[in-house]
Every structure is written in structure tokens, then in C-alpha cells.
Amino acid sequence: MPFKRYVEVGRVALVNYGKDYGKLVVIVDVIDQNRALVDAPDMVRGQMNFKRLTLTDIKIEIKRVPNKKTLIAALEAGDVKNKWENSSWGRKLIVQKKRASLNDFDRFKIMLAKIKKAGVVRQELAKLKKETA
Amino acid sequence: MSYKFHQFQVVGRALPTESDEHPKIYRMKLWATNEVRAKSKFWYYLRKLKKVKKSNGQMLAINEIFEKNPTTIKNYGIWLRYQSRTGYHNMYKEYRDTTLNGSIEQMYTEMASRHRVRHHCIQVIKTATIPAKLCKRESTKQFHNSKIKFPLVFKKVRPPTRKLKTTYKASRPNLFV
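The structure reproduced in this document is the subject of the present report.

Basis of the calculations
- Residues numbered from 1 in each chain as written.
- Chains lettered and ligands numbered in written order.
- Predicted model: local features only at pLDDT ≥ 70, side-chain atom pairs only at ≥ 80, totals over all residues.
- Heavy atoms only, no water.
- Buried < 20%, exposed > 50% of the residue type's maximum accessible area, 1.4 Å probe, protein only.
- Helix = DSSP H or I, 4+ residues; strand = E, 2+ residues; numbered from the N terminus.
- Pairing = 2+ DSSP bridges.
- Axes fitted to C-alpha atoms, helices over the stretch in contact; angles between N-to-C directions.
- Contact = heavy atoms within 4.5 Å.
- Buried area = accessible area lost by both parts, 1.4 Å probe.
- Salt bridge = Lys/Arg side-chain N within 4 Å of Asp/Glu carboxyl O.
- Polar contact = N/O pair within 3.5 Å; in protein donor to acceptor, adjacent residues only side chain to side chain.
- Core = buried A, V, L, I, M, F, W, Y, C linked by side-chain atoms within 4.5 Å.
- Patch = residues over 30% accessible without salt bridge, like charges linked within 9 Å, V, L, I, M, F, W, Y side chains within 5 Å.
- Areas by Shrake-Rupley, 256 points an atom, 1.4 Å probe, with all protein chains shown as cover.
- Lys, Arg positive; Asp, Glu negative; His and termini not counted.
- Charge placed at Lys NZ, Arg CZ, Asp CG, Glu CD.

1. Observations concerning the pairing of strand E5 (residues 88–97) of chain B
All names here are of chain B.
Okay, so step 1: Of all 10 residues that make up E5, seven are buried, and the element is covered over most of its length.
Okay, so step 2: Bridge analysis of strand E4 (residues 74–83) against E5 gives 10 bridges, and the strand direction is antiparallel. Residue pairing in the sheet places tyrosine 82 in a bridge with histidine 89 of E5.
Okay, so step 3: The antiparallel pairing of E4 with E5 creates a hairpin that spans four residues between the two strands.

Below, the structure is given as C-alpha cells:
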């Protein structure tokens, strides 16, 4: 019941609306109840409403409003990229992006792979059924 | 971030006459949505302060003033004079924002919502960047905490673009974080 993800300096958040949709940003300072000063290695530091952010579990160690160099170093030290890509949430997003960027040939290859996988699973199932029967 | 109110520096003076070859030049910093309105506002204020009108004056310069450091958070104090239904009042308001234009916009919207005062009934007397020690309002002082930490209690999940908005949903939303 208690809260686990807090808005704090160093909290990594995902942008869920607007121009920077899908980006991971770091909350670098809090302006007021609805807005945070937000920074990422590839964008100018700017303000963002909390409604556009979804907090993640990842938090890095920074002081209030670090300069870009310190921020990038802290992101490396906290290993944010790997933590994100190995988390179930991050993996899901990567898979979604991959699926959205498939062309027809890729979808054909996937269809063949699915059929093959289903065939192997069905063989194993038939084997198990024969043993118990 | 596009702001409705832009800050302008307007410079003007009365037209030179035989009795006054070099009239005094006056400079004002004011907020308006565009340049035309800024010039008009300039003459409005100048008329109230000096014996000069647009017809016997000339505009010397109008420049837009941009924020020097739009990536740092500042506490802005705004002194204003507004007209309510019963008379004129002075007010001092504090805002936390990255730019002065943003805080002025916050001020106008707050005055409209809290006091039903429309934008044309508000005159900005003075604005200043206030250091954290001198802030007077609790609502700005509560954010002067280097280890600020709070949870987001109410989470409404929105579709990521306006196009994906639907009127009806299949299930009730889960609003917990």
C-alpha cells in the first residue's frame, strides 16, 4: 500500500505524452506541485508536467540541477540504460517498437518461426500425452 | 514552451516642439501578447504618468526581451494593481517558474480563476527574482527543499496522442500510481 516511486532529484521517468514521447528523462529539480525540471542527454533541460511523466523504479545519485557532463556521468555510473533494457517494462517497450517497425518480409519470417515453434510444442505435448495414456 | 505573454521594452518620447527641443525619453518594460498591443499599452501608461499622448509622441524602439536562463528555476515576486468589482487593490504574488514570462502567465490565469479579474484590469507594478530566503508565501517556500521527495498519488493514464482518445472504455481505469 505505501508508495514506492517518489518524485525526487535523480528519479528516472518515462515521457508518456507529447513531443518527447518514449524518452527516458531524469528529474533534476521540482518547480512546483505540477511541474519538474527535467533533463536527458539528448535534450535541452526543460520543464515538464508530471502528467506527462511516468516514474520508473530507477533512481540515480545526483545533486539538484547538475550540469550536462555530471548528469551523463551519473547516468553511466547508475547504469540506467542497461537496467532499463533488462527490466520487464523496458523489454516490453523494445519488443513493441520492433513489432511496429517490421516490414512484410519480417512478418512472413515471423509467421514461419511461429508455425515451427508451435509444431515443436505440439510434438512434445503428443509425446507427454502418449506416456500418460 | 510558447507563452501567451511576451515581455517588451518600449521606448518613446513626446514629439520635439519649439519650447522643448529635446523631450525626455521614457522606457518601459511591459507584457503584452504582441508588439502592437505593447505599443498601445505603453501609451496608456505614459498618458497616466506624463502629459503626452500617442498623437503628440513618437515611438523610438520596441524590442522583445527574452529570458536569460530559461533552464534554471527561480522564485518570482510580482507586485500588481488590479480592479475588483468594488475598487482598486494592490497585491503581491509569488511564483516558482523557469521564466519570467511563464510566471506572468501563471499570475494572469491565477488572478482570473481566484479573483475573477480579467487581464485588462491588471497592471503589473513590479517584478523581481526573489532569493529563497526572502520568499513570503508558504506555497513557494515548501519547494525550497534540496531533498524534496513526494509520491504522485493520483495517476490517470492518458492515451499518448489526442488521436487515440476514445469516448468509451472497456474497463474502469486503475488510478493507483
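2. Let's talk about the sheet that holds strand E3 (residues 57–65) of chain B
Residues and elements named next belong to chain B.
Okay, so step 1: Overall, antiparallel pairing links the three strands, which are arranged E2-E1-E3 in an open sheet. At either end of the open sheet lies a strand with only one pairing partner, and these are strand E2 (25–32) and E3. Taken pair by pair, the neighbouring strands of this sheet meet at an average axis angle of 25°, ignoring direction.
Okay, so step 2: By the bridge criterion, eight bridges tie strand E1 (residues 6–14) to E3 in an arrangement that is antiparallel. Paired with glutamine 9 across the strands is asparagine 63, a residue of E3.
Okay, so step 3: Across the sheet, helix H1 (residues 35–49) lies against E1, E2 and E3, angled at about 125° from E2, the strand it touches most.

3. Observations concerning the interface of chain A and chain B
Interface size is often expressed as the accessible area that is lost when the parts come together.
Okay, so step 1: With 28 residues of chain A at the interface, the matching set in chain B holds 25 residues.
Okay, so step 2: Area buried by chain A at its contact with chain B is led by Phe3, Tyr17 and Ile31 of chain A, which between them contribute 24% of it.
Okay, so step 3: For the pair chain A and chain B, the number of links is one salt bridge.
Okay, so step 4: Among the ionic pairs, arginine 35 of chain A bridges to aspartate 97 of chain B, the shortest N-O distance being 3.3 Å.
Okay, so step 5: Counting every contact that joins chain A to chain B gives eight residue pairs in polar contact (both at pLDDT 80 or more).
Okay, so step 6: Of all the elements in the fold, those that place two or more residues in the side of chain A that touches chain B are strand E1 (6–8), strand E3 (24–30), strand E4 (35–40), strand E5 (43–49) and strand E6 (53–59) of chain A.
Okay, so step 7: Sheet topology note: the E1 of chain A/strand E7 (residues 149–151) of chain B ladder contains three bridges and is antiparallel. Within E7 of chain B, the position partnered with valine 7 of chain A by the bridge is phenylalanine 150 of chain B.

4. What about the sheet that holds E5 of chain B?
Residue and element names in this part refer to chain B.
Okay, so step 1: What the three strands build is an open sheet, ordered E5-E4-E6; its pairing is antiparallel. In this open sheet, the two strands that pair with only one neighbour each are E5 and strand E6 (122–130). Each neighbouring strand pair of the sheet contributes to a mean axis angle of 20°, computed without reference to strand direction.
Okay, so step 2: Where helix H2 (residues 100–115) meets the sheet, it contacts E4, E5 and E6, and its direction lies at approximately 130° from that of E5.

5. Topic: the side chain of aspartate 20 of chain A
Okay, so step 1: Tracing the backbone shows aspartate 20 of chain A in the loop between strand E2 (11–15) and E3.
Okay, so step 2: Discounting chain neighbours no more than four positions away, the residues touching aspartate 20 of chain A are Val15, Met43 and Met48 of chain A.

6. As for the environment of alanine 74 of chain A
All names here are of chain A.
Okay, so step 1: The topology assignment puts alanine 74 in helix H1 (residues 68–78).
Okay, so step 2: The exposure class of alanine 74 is buried, given its relative accessible area of 12%.
Okay, so step 3: Along the chain, alanine 74 and glycine 18 lie 56 residues apart, while their C-alpha atoms are 26 Å from each other.
Okay, so step 4: With near-sequence residues (within four places) excluded, alanine 74 lies in contact with Ile60, Glu61 and Ile62.

7. Side note on the nonpolar core
Okay, so step 1: Val7, Val25, Ile27, Val38, Phe50 and Leu53 of chain A together with Phe150 of chain B are the most contacted members of the largest nonpolar core, which totals 18 residues.
Okay, so step 2: Looking at this core, the elements with two or more residues in it are E2, E3, E4, E5 and E6 of chain A.
Okay, so step 3: In contact with leucine 53 of chain A, not counting residues within four places along its chain, are Ala13, Leu14, Val15, Asn16, Val25, Ile27, Val38 and Met48 of chain A together with Lys155 of chain B.

8. Some details on a nonpolar patch on the surface
Okay, so step 1: Residues Phe105, Phe108, Met111, Leu112 and Ile115 of chain A make up a contiguous nonpolar surface patch of roughly 520 Å² in combined accessible area.
Okay, so step 2: When you line up the elements, phenylalanine 108 of chain A lands in helix H4 (residues 104–132).

9. Quick word on a positive patch on the surface
Okay, so step 1: On the surface, Lys51 and Arg52 of chain A together with Lys156, Arg158, Arg162, Lys165 and Lys169 of chain B cluster together to form a positively charged patch.
Okay, so step 2: Relative to the helices and strands, lysine 156 of chain B resides in the segment after E7.
Okay, so step 3: Given a relative accessible area of 57%, lysine 156 of chain B falls into the exposed group.

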